[in-house]
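# An overview of the molecular structure
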Amino acid sequence: MEAREILKRPIVTEKATIAREEANEYAFEVNGKANKIQIRAAIEKLFDVKVASIRTLNVRGKLKRMGAHQGRRSGWKKAVVTLAEGNTIDVFDQF
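Because the structure is predicted, anything quoted here is derived from the model rather than measured.

What follows concerns the pattern of salt bridges. With the rule as written, the count across this model stands at two salt bridges. For Arg9, the salt bridge is made with Glu29, and the minimal N-O distance between the two is 2.6 Å. Here the residue Arg9 occupies a position in strand S1 (residues 7-10), and Glu29 occupies one in strand S2 (residues 25-30), the gap between them amounting to 20 residues. Given a relative accessible area of 14%, Glu29 falls into the buried group. In this structure, Glu25 and Arg55 form a salt bridge, with 3.4 Å as the shortest nitrogen-oxygen distance. Here the residue Glu25 occupies a position in strand S2, and Arg55 occupies one in strand S3 (residues 51-59), the gap between them amounting to 30 residues. Since its relative accessible area comes to 43%, Arg55 is described here as partly exposed.

Written out as structure tokens, the structure is:
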């Protein structure tokens, strides 16, 4: 897989912004089949930074209703990446 296929988008929420400011952690939506080694290589290649650690989790899709009908949103994979000291990513310029 190519680096752009592995990283889909950055996650910019209030919780992710606080983690970015306080702990130098960045959250990304990633390909569901990507492993930690592939995610690390993609981030280091695209952003030219050193990755200290990666945590991944599978986010389950939410159950949604439209009147009498119900369905489920798609699940997705999330990666929380901690960068080494002194490295940063400008999320808004890269994507």
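Take the sheet that holds S2 next. Spatial ordering of the open sheet is given by S1-S2-S6-S3, a layout of four strands whose pairing is antiparallel. Each edge of the open sheet is held by one strand with a lone partner, namely S1 and S3. Looking at each pair of strands side by side, their axes are set apart by 30° on average, direction ignored. Here helix H2 (residues 14-23) sits on the sheet and contacts S2 and strand S6 (76-83); the angle it forms with S2, its principal contact strand, is near 140°. Relative to the sheet, helix H3 (residues 36-47) contacts S1, S2, S3 and S6, its axis offset from that of S3 by approximately 125°.

Here the focus is the side chain of Lys77. Inspection of the secondary structure puts Lys77 in strand S6. With no salt bridge to any partner, buried Lys77 finds its closest opposite charge in Glu29, at an N-O distance of 12 Å. Within the structure, the side chain of Lys77 is placed 2.7 Å from the backbone oxygen of Ala34, a separation counted as a polar contact. Ignoring sequence-local partners within four residues, the contact set of Lys77 consists of Phe28, Glu29, Val30, Asn31, Gly32, Ala34, Thr56, Leu57 and Asn58.

Cut-offs applied
- Numbering of residues starts from 1 in each chain and follows the order in which that chain's sequence is written.
- The predicted nature of this model means local features are confined to residues of pLDDT at least 70 and side-chain atom pairs, given and counted, to a pLDDT of 80 or more, with totals for whole chains, interfaces and linings taken over all residues.
- The basis for the side-chain values is all heavy atoms of the structure; hydrogens and waters are excluded.
- By convention in these notes, a salt bridge is any Lys or Arg side-chain nitrogen within 4 Å of a carboxyl oxygen on Asp or Glu.
- To qualify as a helix, a DSSP run of H or I must reach at least 4 residues; to qualify as a strand, a run of E must reach at least 2; elements of each kind are numbered from the N terminus.
- Accessibility here uses a 1.4 Å probe with only protein chains present; expressed as a share of the type maximum, an area under 20% marks a residue as buried, one over 50% as exposed, and anything in between as partly exposed.
- Strand pairing is assigned whenever DSSP detects at least two bridges linking the two strands.
- Convention adopted: a line fitted to C-alpha atoms gives each axis, helices being fitted over their contacting stretch, and angles between N-to-C directions are expressed from 0 to 180 degrees.
- In what follows, residue pairs with any heavy atoms lying within 4.5 Å of each other are defined as contacts.
- In this charge count, Lys and Arg are treated as positive and Asp and Glu as negative; neither His nor the chain ends contribute.
- Polar contacts, as counted here, are pairs of nitrogen or oxygen atoms within 3.5 Å of one another; within protein the pair requires one atom able to donate a hydrogen and one able to accept it, and residues that are adjacent in sequence qualify only if both atoms are side-chain atoms.

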